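The lines below spell out each chain.
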Amino acid sequence: STLARTYAFESLGAASGGLVATLLPAVGAPGLAGAWLVALAASLARRRRAVVLAAIAMAGLVTSPWLDARLTRWTHPDLLATRDTPYGRLTLDGRAGQVAVFVDDALAYESQGTTAEEFAAIAAVQRETPGAVLVLGGWIEDLAGALAPYGPSRVVGIELDGGLPALAAPHLHGRAAPGDLLVGDPRRLLPLPERFDLVLSALPEPSNGRANRHYTAEFFARCAASLTDDGVLAIRLRTAENLWTPRQAHRAAAVHAALTAVFAHVVVLPGAETVFLASSSPLERDAAVLAARFRRADPPTQIASAAWLTWRYENDRTVQAAAGLRHTHVPANRDLRPTCYADAIMLDLARVFPEIGWRPLPDVARWLWLAPVVLVAPA
């Protein structure tokens, strides 16, 4: 029938569009090329003016990289490069020696920040000598370079999106890279055959279902399997520096619960980027010892120092955060119960409706057994 034929063509078109949208980023082609491919296919289906329309579509397809860059400059006047990858649209802006990286038009990294030196200092001084280090993400921040003064014997990196180093390397001269850089999903690659003294995770925040997989108890178990007996896992989470809203505290507690489900010892250092340290062996908590290790390394830093490190361990907020997390009963963030993903949605809404951040949502999991009843009742 005509209706069945129409539905079949619609389904075929949807499947074809999904295939094109998946394959084009995999080969580095801009999404705009997909639009021109669809226009070309549509023009060939027309009987009249097919040649003219096909010629226009072909011209657009050939010039799509140039046109894509021109259109991107409307919102990124300092554009250096842009590329679509299977993980999102990467855009690099550069001015006065600084390179900013946008993922799906949201600022993700910038090359002159101090986050790498802070994260590296907190993690590296947990051991007298870091030994072998595994860095998950963080290539654009130069975490490998920030770790170098602490004398690691070997640094291995895993980058989730291989398009980022390929796109940014020509614009980041002198950028140190891990001795071995693997490209792939850490959930698939871990645990590696080699054991590491330190694992630093600089993977994207748990703001969606894909990123949340790197902050669950199951993922932390894979990290633990890659550590030596006294190895340390370090992760970080963006938070308010002085006061956590109930929603921020809920997310931090879910990550903390996931870590304590795997590791016997966990230290939390709150800040604009809250750092979690976890290990199966006792962690060093004496700020004087940690400061002495920092002085021996003498890294060239802008913010991190022995006094700064002492403050991170001994300020009032560190004590309050530790006490608050101990008394907050939140389900651990897990693959089948992505607590942090729900928190991320509410934190995004709180930017528009600030009161949402101050209203903890009830735990609806206990009522999920009613879902089949609600669905079956109307029938």
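Structural data are supplied above this passage.
Parameters at a glance
Residues numbered from 1 in each chain as written. Predicted model: local features only at pLDDT ≥ 70, side-chain atom pairs only at ≥ 80, totals over all residues. Heavy atoms only, no water. Salt bridge = Lys/Arg side-chain N within 4 Å of Asp/Glu carboxyl O. Helix = DSSP H or I, 4+ residues; strand = E, 2+ residues; numbered from the N terminus. Buried < 20%, exposed > 50% of the residue type's maximum accessible area, 1.4 Å probe, protein only. Expected span 1.5 Å × (residues − 1). Contact = heavy atoms within 4.5 Å. Pairing = 2+ DSSP bridges. Axes fitted to C-alpha atoms, helices over the stretch in contact; angles between N-to-C directions. Core = buried A, V, L, I, M, F, W, Y, C linked by side-chain atoms within 4.5 Å.

## Some details on the pattern of salt bridges
Step number 1: Within the structure shown, the criterion is met by 15 salt bridges.
Step number 2: Ionic pairing is found between Arg154 and Asp180, a salt bridge with its closest N-O pair at 2.6 Å. Of this pair, Arg154 sits in strand β6 (residues 154-159) while Asp180 sits in strand β7 (residues 180-183); the two residues are 26 residues apart in sequence, bridging distant segments of the chain.
Step number 3: By relative accessible area, Arg154 is classed as partly exposed at 33%.
Step number 4: For the salt bridge of Glu205 with Arg251, the shortest nitrogen-to-oxygen distance reads 3.2 Å. Separated by 46 residues along the polypeptide, Glu205 in the loop between β8 (196-202) and α9 (209-212) and Arg251 in helix α11 (residues 246-260) bring together distant segments of the chain.
Step number 5: Taken together, the shared-partner salt bridges in this structure form one network comprising Asp68, Asp84 and Arg89.

## Points about α11
Structurally, the α-helix is built with 3.6 residues per turn, so residues lying three or four positions apart point the same way.
Step number 1: Here α11 is 15 residues long and its end C-alpha atoms lie 20 Å apart, about the 21 Å a rise of 1.5 Å per residue gives.
Step number 2: Across the 15 residues of α11, 11 count as buried, placing the element largely inside the fold.
Step number 3: Within the sequence span of α11, burial applies to Arg247, Gln248, Arg251, Ala252, Ala253, Ala254, Val255, His256, Ala257, Ala258 and Leu259.
Step number 4: Of the surrounding elements, those touching the buried residues of α11 are α10 (217-225), β9 (227-238), β10 (265-269), β11 (273-279), α14 (316-326) and α15 (339-350).

## As for the sheet that holds strand β2 (residues 88-95)
Step number 1: Spatially, β1-β2-β3-β4 is the arrangement adopted by the four strands of the open sheet, whose pairing is antiparallel. Of all the strands in the sheet, the pair left with one neighbour each is β1 (79-85) and β4 (106-110). When strand polarity is set aside, the average angle formed by the axes of neighbouring strands in this sheet is 20°.
Step number 2: The pairing of strand β3 (residues 98-103) with β4 spans four bridges and is classified as antiparallel.

## Notes on the sheet that holds β7
Step number 1: Spatial ordering of the open sheet is given by β7-β6-β5-β8-β9-β11-β10, a layout of seven strands whose pairing is mixed. Two strands bound the open sheet, and with one partner strand each, they are β7 and β10. On average, each strand axis in the sheet is inclined to that of its neighbour by 15°, with strand direction left out of account.
Step number 2: Bridge count for β10 against β11 is five bridges, and the pairing is antiparallel.

## Let's talk about the nonpolar core
Step number 1: In this structure, Leu134, Leu136, Phe220, Leu233 and Leu259 are the most contacted members of the largest nonpolar core, which totals 37 residues.
Step number 2: For this core, the element with the most residues is α11, which contributes seven residues.
Step number 3: Beyond its immediate chain neighbours, meaning those up to four positions away, Leu259 contacts Phe220, Leu233, Ile235, Val266, Phe276 and Ala278.
Step number 4: Judged by nonpolar contacts, the second largest core, of 36 residues, contains Ala121, Ala123, Leu269 and Ala304.

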